[in-house]
Amino acid sequence: MTSTPRWPDIDRIAYGGDYSPEQWSPETWREDVALMREAGVNLVSIGIFSWALLETSEGVFDFGWLDEVVELLHANGIRIDMGTPTASPPAWFFANHPDARVITRDGVVMGFGSRGMASHSAPAYREAAVRIATELAKRYGQHPAVVLWHVHNEFGVPVGEDYSPHAVREWRLWLQRRYGSLDALNKAWGTAFWGQHYTDWEHVGAPAAAPSTVNPAQRLDYARFTDHQLRACFIAERDAIRAHSDRPVTTNFMANQHNGCDLWAWAREVDIVSDDHYLWAADEEGEIGLAIAADLTRSVGGGAPWILMEHSTSAVNWQPRNVAKRPGEMARNSLSHLGRGADGILFFQWRASRSGAEKFHSAMLPHAGTDSRVWREVVDLGAKLGRLGDVRGSRVHADVAILWDFESFWAQDLEWRPSEDVSHDERIRAYYERLWRDGITVDFALPGHDLSGYKLVIAPAQYMLSRTDADNLNRYVEAGGTLLVSFFSAVVDEHDAVHEGGFGAPLEPALGVRVEEHLPMREGATGAIDWNGTVVPVDVWQEDLVVTGAEVRATYVAGPAAGEPAVTRHAHGAGTGWYVSTRPDAAGLAAIMGAVYADAGLAPAQLPAGVEVIRRHGEHHDFVVAINHGPDAASIAADGVDLLTGDEIKGMLNLAGGTAAVIRTEAQHTPH
């Protein structure tokens, strides 16, 4: 097989979405393709939930209808992202292989009729998945319309952990490979506690539900094992495809949901990173959550252009309250993803389903048809993206990194932590929101990454931190970097054991402080800190700090730590380490971050409220994506050509409320 290309063969920004022709008649297919052309669609994903119609019984295939769809799309110049349908095994599969069903932690056997129902450790499922992927690749692997492969759908959703006998068998093998001996396992898991010492591998079960809290080190390893098993399924299908096709292979991540997948590890296995993003309706500023997901997707992919594989034209159907997008919101969402590195803008789905669980999910072609606001906006967005071909391949550069560590999150989310109100999602959102409002672009990173290219690194929620990674952060500061660490960080090692030396001990060189005691607050209680004479409200958490070299920059004035240090700054080598031992909100962080920015040599962009600006850097030009999320007109400094309108911008860009612009401007070369 020839080497796999990095990007599918599409000469424009990819635009389209999931298409389910099996739900419709051939007459509707022809209508769909004509409307796709009208909307500017150039890429659709097909076959994702079609297993039962492609393999009608075990080993018996029917590709006739799919052949017709492929040729129809090809004749109309629409490229194909060919899906493997392995997220939804057919009824016959479970009838033939009942042992392949998922069993929950509570011992409940999952039934048929949903999706993601099979045990990822069951040999019969692995064999069947590879078989259907192989047959699809043999048939369509070299078809000129097929430019991308889409394995499975949203691994880990809705089923991640599985406690079936197949999973337990593979779990023991995984542990033997990881630890090599029971002595090493017992040491890592701290099994002397509660008399859990193991003397036989057959005695090591999965951490199923028990009368009290199960060993947290065991549960953390089971999360790692689950991620490994899911990824092994992807790799098996990917390799089956690669045996017959040289087109790139991906699977759709879910960066704004914790679905049990370590996206840093997954990104190393795909040819192109892709993501599904849906706004959380409860978030009144969903554009900030969107930006977090987009920046994370770009970051796990090493900064390369990526594909927004799914988002919605309007409401979704699976949240407690499914809020519809208002006029212009779909375009703003799409352009924000594009600004943050996406070279493909796709939706779920093309035509709204009339039956099934997702019939209330919005689509490019809604139930209301072509005489609808959503359809008009879909056509308008297709035209806009058609003008942005020059943006393709350009990249986003950031001076700030926020640490995002899935394994640390898995550990922090286990039971019996000091306060159930301490959330890694909340802390990351607070610090990210402060940077977003200050107009500072962010990458995400792991604590063990090379961080030398960043002026500032923020660790909002690094509960788990190995000694090796802590040394990396200490060296980063010593070499001249600025590091900010938030509370409840560097508490445990990679086995969820408290560090020798106590809480925060591994980062004491960089921070000049350690934590004597955590002081979580009662529900509803508030406190405050004194920052240079300004009282900043805080809540949820305070700490009793021991200062071993840092200067105290803020003191608690209310709460359990009143009178004690709250925020510290420490000079270490050529750099600076900051520690914030409590929970101010994004507004409360403004003054603190101003001082941190000064240490890092950063300057806030002073943007109007609600205005988002992102710059993509190209070889010959840069592209400034400016989005006004607010209702009122706003202006920002800009020079260049607005690719959406063709207007030349000299000195000042005026953005009406709810509108956006993409300005092609002179390249600003950056060393990062």
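Below or above, wherever it landed, is the structure these notes cover. Here the structure is a predicted model, which means the values were calculated and not measured.

1. Re the packing of helix H1 (residues 26-39) against helix H3 (residues 64-75)
Moving on, step 1. Close contact between H1 and H3 brings their axes to 10 Å; oriented N to C, the two are set at 25°. By the criterion of interaxial angle, the relationship of H1 to H3 is roughly parallel. Where H1 crosses over H3, the handedness of that crossing is right-handed. When H1 is examined against H3, the residues Pro26, Trp29, Arg30, Val33 and Met36 are found in contact with a partner set consisting of Trp65, Glu68, Val69, Leu72 and Leu73.

2. Quick word on the environment of Lys187
Moving on, step 1. Mapped onto the fold, Lys187 is located in helix H7 (residues 182-189).
Moving on, step 2. Note on Lys187: relative accessible area 74%, which makes it exposed.
Moving on, step 3. Spatially, the C-alpha atoms of Lys187 and His197 are 9.2 Å apart, while their sequence positions differ by 10 residues.

3. What to know about unusual backbone geometry
Moving on, step 1. For the peptide bond that leads from Val157 to Pro158, omega is -5°, which places it in the cis range.
Moving on, step 2. Locating Pro158 in the fold gives a position in the loop between strand S6 (146-150) and helix H6 (165-179).
Moving on, step 3. Phe348 connects to Gln349 through a cis peptide bond whose omega is -5°.
Moving on, step 4. Notably, Val540 is not glycine yet its phi reads approximately 70°, a positive angle.
Moving on, step 5. Inspection of the secondary structure assignment puts Val540 in the loop between strand S19 (534-539) and strand S20 (541-547).
Moving on, step 6. Note on Val540: relative accessible area 10%, which makes it buried.
Moving on, step 7. We note that Gln606 has phi near 55°; this positive angle belongs to a residue other than glycine.
Moving on, step 8. Note on placement: Gln606 falls in the loop between helix H17 (589-600) and strand S24 (611-617).

4. As for the packing of helix H11 (residues 329-339) against helix H12 (residues 373-386)
Moving on, step 1. Look at H11 against H12: their axes get within 10 Å of each other, and the N-to-C directions meet at 30°. One finds that H11 runs roughly parallel with respect to H12. Two packed elements cross with a definite hand, and for H11 against H12 that hand is right-handed. The segment H11 lies against H12, with Met330, Ala331, Ser334, Leu335 and Leu338 engaging Glu377, Val378, Leu381 and Leu385.
Moving on, step 2. When its residues are assigned to classes, the contact of H11 with H12 shows seven nonpolar, one polar and one charged.

5. Topic: the pattern of salt bridges
Moving on, step 1. Applying the stated criterion across every chain, the model contains 42 salt bridges.
Moving on, step 2. Taking the shortest distance from any N to any O, the salt bridge between Glu285 and Arg437 comes out at 2.5 Å. In this pair, Glu285 is assigned in the loop between strand S9 (274-276) and helix H10 (286-300) and Arg437 in helix H14 (residues 424-437), connecting sequence segments 152 residues apart.
Moving on, step 3. Taking the relative accessible area as the measure of exposure, Glu285 reaches 28% and is therefore partly exposed.
Moving on, step 4. Residue classification places Arg437 among the partly exposed positions, given a relative accessible area of 30%.

6. Focus: the sheet that holds strand S18 (residues 526-531)
Within a beta sheet, neighbouring strands are joined by backbone hydrogen bonds and run either parallel or antiparallel to one another.
Moving on, step 1. Here we have nine strands laid out as an open sheet, ordered S14-S13-S15-S16-S23-S22-S21-S18-S19, and mixed in their pairing. Each edge of the open sheet is held by one strand with a lone partner, namely strand S14 (442-445) and S19. Averaged over all neighbouring strand pairs, the angle between strand axes comes to 20°, with direction disregarded.
Moving on, step 2. Taken together, the four bridges between strand S21 (residues 551-558) and strand S22 (residues 565-572) define a ladder with antiparallel strand orientation. Residue pairing for S22: Ala554 is matched across the bridge by Val567.

7. Overview of the nonpolar core
Moving on, step 1. Counting 166 residues, the largest nonpolar core has Ile46 and Leu388 as the members making the most contacts within it.
Moving on, step 2. The element that contributes the greatest number of residues to this core is helix H5 (residues 123-140), accounting for nine residues.
Moving on, step 3. Core analysis: the second largest hydrophobic core is formed by 18 residues, Tyr198, Val204, Tyr222 and Phe225 among them.

8. Things to note about the sheet that holds strand S10 (residues 306-310)
Moving on, step 1. One open sheet holds the nine strands; their spatial order is S7-S6-S5-S2-S1-S11-S10-S9-S8, and the pairing between them is parallel. In the strand order of this sheet, the two ends are held by strand S7 (249-250) and strand S8 (252-253), each with one partner.
Moving on, step 2. Against the sheet, H11 makes contact with S10 and strand S11 (342-347), and its axis sits at roughly 145° relative to S11, the strand it touches most.

9. Remarks on the packing of aromatic side chains
Moving on, step 1. This model, assessed by the stated rule, comprises 33 aromatic pairs.
Moving on, step 2. Between the aromatic rings of Phe155 and Phe234, the centroid separation amounts to 6.4 Å while the plane-to-plane angle is 90°, which identifies the pairing as edge-to-face. Taken as a pair, Phe155 in the loop between S6 and H6 and Phe234 in helix H8 (residues 216-242) lie far apart in primary sequence, 79 residues in all. Exposure class is identical for Phe155 and Phe234. Each is buried.
Moving on, step 3. Judged by centre distance (6.0 Å) and plane angle (50°), the rings of Phe234 and Trp266 are tilted. With Phe234 in helix H8 and Trp266 in helix H9 (residues 263-267), this residue pair connects regions lying 32 residues apart in the sequence. The burial state of Phe234 is the same as that of Trp266; both residues are buried.
Moving on, step 4. Within the aromatic cluster, the residues linked to one another by ring pairs are Tyr163, Trp171, Trp174, Trp189, Tyr198, Tyr222 and Phe225.
Moving on, step 5. Its guanidinium or amino end placed over the ring of Trp24, Arg351 lies 5.2 Å from that ring's centre, counting from NZ or CZ.

Conventions and cut-offs
Residues numbered from 1 in each chain as written. Predicted model: local features only at pLDDT ≥ 70, side-chain atom pairs only at ≥ 80, totals over all residues. Heavy atoms only, no water. Axes fitted to C-alpha atoms, helices over the stretch in contact; angles between N-to-C directions. Helix = DSSP H or I, 4+ residues; strand = E, 2+ residues; numbered from the N terminus. Parallel < 35°, antiparallel > 145°, perpendicular 65-115°, else oblique. Left-handed = near helix turned anticlockwise from the far one by under 90°. Contact = heavy atoms within 4.5 Å. Buried < 20%, exposed > 50% of the residue type's maximum accessible area, 1.4 Å probe, protein only. Nonpolar A, V, L, I, M, F, W, Y, C, P; charged D, E, K, R; others polar. Salt bridge = Lys/Arg side-chain N within 4 Å of Asp/Glu carboxyl O. Pairing = 2+ DSSP bridges. Core = buried A, V, L, I, M, F, W, Y, C linked by side-chain atoms within 4.5 Å. Phe/Tyr/Trp six-rings, centres within 6.5 Å; stacked < 30°, edge-to-face > 60°. Lys NZ or Arg CZ within 6 Å of the ring centre and 35° of its normal.

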